[in-house]
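Structure at a glance
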Amino acid sequence: MNKLFDQMLSAHDTSTSVSKRNAICEVMQQVALAGLRRSGFFDKAAFYGGTCLRIFHGLGRYSEDMDFSLLKEDPDFKIEYYFSAIVDEFKSLGRDVIITKKEKRHHSKVESAFLKDDTHVYNLMFQTEKNLIIKIEVDTKPPLGFKTEQKLLLQPYSFMTRCFTLPDLYAGKMHALIYRKWAQRVKGRDWYDFEWYVRNGVPLDFDHFRQRTNDFNGEDLSKEIFLEILSNRLSTTDIGMVKKDVLPFIKNPSEIEIWSNDYFLQLMNFIKFL
């Protein structure tokens, strides 16, 4: 059996069941990217979201989902065309996976910050570990105005992945932080990523952020209104729920001890605009 998958896994902390699950997910994500690269997927699409930030920029938390955007609207695009390349990539490492379409329970203009009626959603899982699932989303009618760059991965082989640039990744994250609505929870991972962008001095591509709010929400926000909405979000959200969501995805809980509503409000003062 090919040992490369286990070698890739050995680079991660697997000392607990939670850390092992996170590590397996990340290795699966890298193998999926490798398969997509072989298939020519990145000639038409780009990688973005928390998993992109984790794999290519060293974000300190693990991430579950894989988010992609077409470079331009393409009514003939079929993500299913690329499935065999993903399956073959895993098979070359001695692993069998299943990719299934995730059926939506309801239809609406916006189901989440990134998920629309015209977003294709699929689940990737091991045949032997059906409870370990990675969600793959491809936005086929994306908000445009973003820039991309080629980022290198060395495993399972050396290859380039087309990714959103950091300022545009930041724009997508701020859109999610403001507009994402979960019925009973808060996605604290959005807050973790916001802190990461500020601490690393990444400028926010506000033009792309406005494009997203226009396309998804029908709103054209000025910087002043954006900061007002963000301030309200940061000051009124239950910080306990924010911490609870992010804890399973980080190694050191002490890094979020400082978190409070006031802490995040003060982070706003360090936002840089492109």
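These numbers come from a predicted model, not from an experiment. In every chain, residue numbers begin from 1 and rise along the written sequence. Totals for whole chains, interfaces and linings use all residues, but because this is a predicted model, local features are given only for residues with pLDDT of at least 70 and pairs of side-chain atoms are given and counted only at 80 or more. Each side-chain value is derived from all of the structure's non-hydrogen atoms; neither hydrogens nor water enter the calculation.

With respect to helix α2 (residues 17-39)
- Helix length check: α2, at 23 residues, gives a terminal C-alpha distance of 33 Å against a target of 33 Å (1.5 Å per residue), a fit within 8%.
- Numbered from the N terminus, helices here are DSSP runs of H or I no shorter than four residues, and strands are runs of E no shorter than two. The positive-phi residue at the C-terminal boundary of α2 is Gly-40, with phi of around 85°. Helices are assigned an expected span. That span is 1.5 Å times one less than the residue count.

Points about the nonpolar core
- With 83 residues, the main nonpolar core has Leu-33, Phe-41, Phe-68, Phe-90, Leu-124, Phe-194 and Trp-259 as its most contacted residues.
- If one sorts the elements of this core by residue count, α2 sits on top with 10 residues.
- Here, two residues are considered to be in contact whenever any of their heavy atoms come within 4.5 Å of each other. Sequence-distant contacts of Phe-68, defined by excluding residues within four places in its chain, comprise Leu-33, Leu-36, Phe-41, Phe-42, Ala-46, Phe-47, Tyr-48, Ile-136, Glu-137, Val-138 and Asp-139. Put simply, buried Ala, Val, Leu, Ile, Met, Phe, Trp, Tyr and Cys residues joined by side-chain atoms within 4.5 Å make one nonpolar core. Burial classes follow relative accessibility: with a 1.4 Å probe on protein chains only, a residue under 20% of its type's maximum area counts as buried, one over 50% as exposed, and anything between as partly exposed.

Here's the deal with the packing of helix α5 (residues 166-179) against helix α7 (residues 206-217)
- It is at 8 Å that the axes of α5 and α7 come closest, and there the two elements cross at 45°. Judged by the angle between their axes, α5 and α7 are oblique. At the point where α5 passes α7, the crossing takes the right-handed sense. The residues of α7 that touch α5, namely those facing Asp-168, Ala-171, Gly-172, Met-174, His-175, Ile-178 and Tyr-179, are His-208, Phe-209, Arg-212, Thr-213, Phe-216 and Asn-217.
- Here the residues of the contact of α5 with α7 are counted per class, giving six nonpolar, five polar and two charged. For helices, the fitted axis covers only the stretch in contact; all axes are lines through C-alpha atoms, and the angles between them, taken along N-to-C directions, range from 0 to 180 degrees. Any angle from 65 to 115 degrees is called roughly perpendicular, while one under 35 is roughly parallel, one over 145 is roughly antiparallel, and all others are oblique. It is the rotation of the near helix from the far one that decides the hand of a crossing: anticlockwise by less than a right angle makes it left-handed, clockwise makes it right-handed. Side-chain classes are defined by residue name, with Ala, Val, Leu, Ile, Met, Phe, Trp, Tyr, Cys and Pro counting as nonpolar, Asp, Glu, Lys and Arg as charged, and the others, Gly among them, as polar.

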